[in-house]
Amino acid sequence: MGFLFDFKRKKIFALVGESGTGKSFRSKLVAQRYNIDFIIDDGLLIRNHRILAGQSAKKENSFLAAVKIALFDKKPHRDEVARRLQNEHYKRVLILGTSEKMVKKIAVRLQLPLPSKMIKIEDITTQEDIEKAVRSRRIEGKHVIPVPSIEVKKSYSNIFLNTIEIFRRRNTSATIPTLTIPTLHEKSIVRPEYSKRERVIISDLALNLLVINCAEEFNKDIKIKKILVKITEMGYRLVITIDVPYGIQLGGNIQEMQKYIIEDIEKYTGILIEEVNIIIDKTAD
């Protein structure tokens, strides 16, 4: 009876969203909001700033293998995490997954109660931020592990890229709502083995035609004079020289044009445009 009572007192939360929409990035915010100590994300059991048990799906060489790790498909893996959770005497756990079905399956496999609160990624962030996260995943292959770099480098140094440090303000007084202090959250950016695929290659001619088409769609009066293509480790950098008809002032629209070219080319080709520089050579008569 005591075990059953204790089991019912435990509360499981779920953060659900499609792959690459920013769940790992925002998991610490959700955990802080609901006073959750433990996070289960892509095969790992995380508490505060430490990886307590499990193995990361992001280390796998194929997407299918990564999915199996995230679902705790292997008994030794799920037994290790379940045992550690029991030893920690958990009260609240946050499970991250791409669907309600997935988080329920993880809960059952780890001998946890089914989630009593489902949180959708769309409920805690903007559509614009979701699209940025998807772009980072699709084009750059970047993923987040919500722990400091020192934790990731110990076991996953081969996929580690860099660190994001985020300051958030935490209320420290129940009677004075405005009394807050900044707290630092550090997250690690990694590129999984299965994301290190062959880079999409495109010919200079095809890329030039795409740039010309984008410029024409953005403003049909702009004339492309020259396009310089530089190949980088991950993608391409473009230097575009343009003519602008007399009387037309681009001003801040240069930044809008850069953004339009980058997003349009990436959307339709899957290549990464790291940078676009636009030079106004002279004004056409």
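Everything in this summary refers to the structure shown in the same document.

Each value, and the rule that gives it
- Residues numbered from 1 in each chain as written.
- Predicted model: local features only at pLDDT ≥ 70, side-chain atom pairs only at ≥ 80, totals over all residues.
- Heavy atoms only, no water.
- Helix = DSSP H or I, 4+ residues; strand = E, 2+ residues; numbered from the N terminus.
- Buried < 20%, exposed > 50% of the residue type's maximum accessible area, 1.4 Å probe, protein only.
- Contact = heavy atoms within 4.5 Å.
- Areas by Shrake-Rupley, 256 points an atom, 1.4 Å probe, with all protein chains shown as cover.
- Phe/Tyr/Trp six-rings, centres within 6.5 Å; stacked < 30°, edge-to-face > 60°.

1. Focus on the overall build of the protein
- Across its full length, the protein holds nine helices and twelve strands.
- Considering the protein as a whole, with its 285 residues, one finds that 42% of them fall into the buried category.
- Contacts in the protein between residues at least 24 apart in sequence constitute 69% of all its contacts with a sequence separation of at least 6.
- When the accessible surface of the protein is split by element, carbon and sulfur atoms take 51% of a total near 16200 Å².

2. A few points about the packing of aromatic side chains
- Evaluation of the coordinates by the stated rule reveals two aromatic pairs.
- Measuring from centroid to centroid gives 5.2 Å for Phe13 and Tyr34, while their planes differ by 40 degrees, and the two rings are tilted. You can see Phe13 sitting in strand 1 (residues 11-16) and its partner Tyr34 sitting in the loop between helix 2 (23-33) and strand 2 (38-41), a full 21 residues away along the chain.
- Residue class for Phe13 comes out buried when judged on its relative accessible area of 1%.
- Here the aromatic rings of Phe218 and Tyr260 are separated by 5.9 Å at their centres, their planes lie at 50 degrees, and the arrangement is tilted. Of the two residues, Phe218 is situated in helix 8 (residues 204-218) and Tyr260 in helix 9 (residues 253-269); the sequence distance between them amounts to 42 residues.

3. Some details on the environment of Ile278
- Take Ile278: it is sitting in strand 12 (residues 273-284).
- Look at Ile278 and you get buried, because its relative accessible area is 14%.
- C-alpha of Ile278 to C-alpha of Leu238: the two residues are 40 residues apart in sequence and 8.3 Å apart in space.
- Not counting residues within four places of it along the chain, the set of residues in contact with Ile278 comprises Ile240, Ile242, Ile254, Met257 and Gln258.

As far as function goes, none of this settles anything; it's purely spatial.
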